[in-house]
Every structure is written in C-alpha cells, then in structure tokens.
Amino acid sequence: MINTHPSTIPWLASLDEALRRAKAESKFVLLDFFSPT
Amino acid sequence: MTYPEQSVAATIAAHCVPVQINTQDRSGADIVARYRQVWTPDVRVLAADGFELYRWNGYLPPFEFVPQLLVALGQARLRQHDEGGAAAIYEEALARFPTSAVAAEAQYYLAVARYKASHDGADLMNGWGKLRARYPDSIWRVKQSFSET
C-alpha cells in the first residue's frame, strides 16, 4: 500500500511496540507492508 | 485512496493496533524475512504474539477493504476459538456489505462459527443453505458442495 496520503490512522513503525500494545489492549495487529515506489 | 477514509480508520481502531513496514527500508528487512513478504500491497492480521492469522495482497478501495478486514478479523477470532466473537464480526460484515467480494466467505464462516459454538449441525447446514441461496456462483458455495444432497 503506497503511503502517500494523510490519514487519521496512528501507524506505528515498530512491530514489537505494536505487539506489546495489542497484548495490553486485547487487540490484533494490522501489519501493512508498503513500498513507497 | 483507502486509509484516509473514516470507515476504514474506525474499523482499524476498533480492533487493531496498526503498524506499517517500509519494504524498501533496511530497518524492516528482518520483518520482511520473518513474514516472507514478497509483494505489496500486503496486509496481515496478527495475534499479539506475532502469529499470522490472516493475510491478503492487492489494493482494495474502502468499500472492499472494510469487509475484507472484517472477514480477516472474523477468521482471527475463529482461530483463537472465540466463536461468538467471530460470528458477531461475520454478521456485521454481511449486514453492512452483503454484496462485497468477501460476502460469500463471511457467510461460509458464519455458519462454521455458529456450529462450533453450538455443536448443532443445523446451524452449519442452515448457514450454508443461505450461502447457496445468496452466493450460488461463489467458490465458497463450491467449498461446501459436498454437503448438498
């Protein structure tokens, strides 16, 4: 997914942090692999 | 574009912690390798221990992204043995997006989730009956065709 547009989604850049938060909040992680070009 | 849409952001916020990895940046190389990532767009739904529960490739506009994410979350809950939670998500996907590309998948697994929760075969057969009626040309109809008499 090309990440070139503003979004209200609070994207993290660290998978480890996302996993930590997901465990704390009882949520899943949405992992989006993107290519800027 | 998809992510700026409020419906997309709201669905993500309700269920997920979102993280993006730039596949062309060296800092993400270990994650790219860990999940054997080869093509973008590439979206994964992970459990909190990093286990991959669902994934899909390819761009989706908002009206297909939201139902696809809901179906992914339903599968994720099902694989965590939360059949009630899975059923609720599948019901939402079907109620809000009955004509989406993943609606048939949602109907298929809604029947599965209800059956696994109730252990009543009628729940499975009734749900798959709706699949046959509503999505007769889908591959998901084929996947349950062994049950047809």
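Residues numbered from 1 in each chain as written. Chains lettered and ligands numbered in written order. Predicted model: local features only at pLDDT ≥ 70, side-chain atom pairs only at ≥ 80, totals over all residues.

### Some words on the overall build of chain B
Item 1. On a plain count of helices and strands, chain B comes out with seven helices and three strands.
Item 2. Each helix (α) and strand (β) of chain B, taken in turn from the N terminus, gives the series α-β-α-β-β-α-α-α-α-α.
Item 3. C-alpha atoms of chain B, sized along the principal axes, occupy 55 × 30 × 25 Å.
Item 4. Across the 149 residues of chain B, 38% fall into the buried class. (Helix = DSSP H or I, 4+ residues; strand = E, 2+ residues; numbered from the N terminus. Buried ≥ 20, exposed ≤ 12 C-beta atoms within 10 Å, placed from the backbone.)

### Some details on the nonpolar core
Item 1. Formed by 48 residues in total, the largest nonpolar core has its most connected members in Phe-28 and Val-29 of chain A together with Tyr-90 and Ala-106 of chain B.
Item 2. Here the element with the most residues in this core is helix 5 (residues 103-118) of chain B; it accounts for ten residues.
Item 3. If sequence neighbours within four positions are ignored, Tyr-90 of chain B has contacts with Gly-74, Ala-106, Tyr-109, Leu-110 and Ala-113 of chain B. (Core = buried A, V, L, I, M, F, W, Y, C linked by C-beta atoms within 7 Å. Contact = placed C-beta atoms within 7 Å.)

### Details of helix 1 (residues 15-25) of chain A
Item 1. Turning to helix 1 of chain A, its buried residues are Leu-15, Ala-18, Leu-19 and Ala-22 of chain A. Projected down its long axis, helix 1 of chain A shows its buried positions confined to an angular sector of 100 degrees, all on one face. The outward face of helix 1 of chain A, more than 90 degrees from its buried face, is lined by the exposed residues Asp-16 and Ala-24 of chain A.
Item 2. Check the buried side of helix 1 of chain A and you find it contacts strand 1 (28-34) of chain A together with strand 1 (16-22) and helix 2 (29-34) of chain B.
Item 3. At the C-terminal side of helix 1 of chain A, Ser-26 of chain A shows a positive phi close to 55 degrees. (Arc of directions from axis to C-beta.)

### Some remarks on helix 1 (residues 6-15) of chain B
Item 1. Turning to helix 1 of chain B, its buried residues are Val-8, Thr-11, Ile-12 and His-15 of chain B. Looking straight down helix 1 of chain B, one finds that the buried residues subtend no more than 95 degrees of arc, so they occupy a single side. Projecting away from the buried face of helix 1 of chain B at angles above 90 degrees are the exposed residues Gln-6 and Ala-14 of chain B.
Item 2. Packing partners of the buried residues in helix 1 of chain B comprise strand 1 of chain A together with strand 1 and helix 3 (62-79) of chain B.

### Looking at the sheet that holds strand 2 (residues 42-46) of chain B
Item 1. Pairing is mixed across the open sheet formed by four strands, whose spatial order is 1(B)-1(A)-2(B)-3(B). Among the strands making up the open sheet, the edge pair consists of strand 1 and strand 3 (52-57) of chain B. Neighbouring strand axes in the sheet, compared pairwise and without regard to direction, differ in orientation by 20 degrees on average.
Item 2. Here strand 1 of chain A runs beside strand 1 of chain B; their pairing, made up of seven bridges, is parallel. Bridge pairing in strand 1 of chain B links Phe-33 of chain A to Ile-21 of chain B. (Pairing = 2+ DSSP bridges. Axes fitted to C-alpha atoms, helices over the stretch in contact; angles between N-to-C directions.)

### Quick look at the interface of chain A and chain B
Item 1. The interface of chain A with chain B comprises 30 residues on the first partner and 29 residues on the second.
Item 2. For the side of chain A that touches chain B, the secondary structure elements donating two or more residues are helix 1 and strand 1 of chain A.
Item 3. Where strand 1 of chain A lies against strand 2 of chain B, five bridges are found, and the strand directions are antiparallel. Residue pairing in the sheet places Val-29 of chain A in a bridge with Leu-46 of chain B of strand 2 of chain B.

### What to know about the packing of helix 1 of chain B against helix 3 of chain B
Residues and elements named next belong to chain B.
Item 1. Relative orientation of the contacting elements helix 1 and helix 3 amounts to 15 degrees, with a least axis distance of 9 Å. The pairing of helix 1 with helix 3 is recorded here as roughly parallel in orientation. Like other packed secondary-structure pairs, helix 1 and helix 3 cross with a definite hand, here left-handed. Where helix 1 abuts helix 3, its residues Ser-7, Val-8, Thr-11 and His-15 lie against Pro-62, Phe-65, Val-66, Leu-69, Leu-70 and Leu-73. (Parallel < 35°, antiparallel > 145°, perpendicular 65-115°, else oblique. Left-handed = near helix turned anticlockwise from the far one by under 90°.)

### Thoughts on the confidence of the model for chain A
Item 1. Chain-level statistics for chain A give a pLDDT mean of 86 and a share of 81% at 70 or above.
Item 2. For the stretch residues 1-6 of chain A, pLDDT sits under 50, and the model shows 13 contacts to residues farther than four places along the chain or on other chains. (pLDDT = per-residue confidence, 0-100.)

### Focus on unusual backbone geometry
Item 1. Cis geometry marks the peptide bond from Thr-40 of chain B to Pro-41 of chain B, where omega comes out at -5 degrees.
Item 2. On the secondary structure map, Pro-41 of chain B appears in the loop between helix 2 and strand 2.
Item 3. Look at Ser-26 of chain A: it is not a glycine, yet its phi comes out positive at around 55 degrees.
Item 4. Take Ser-26 of chain A: there are 8 C-beta atoms within 10 Å of it, and that puts it in the exposed class.
Item 5. Positive phi, normally seen in glycine, also occurs at His-81 of chain B, with a value near 65 degrees.
Item 6. Here His-81 of chain B is to be found in the loop between helix 3 and helix 4 (83-96).
Item 7. Its 10 C-beta neighbours within 10 Å are what place His-81 of chain B among the exposed residues.

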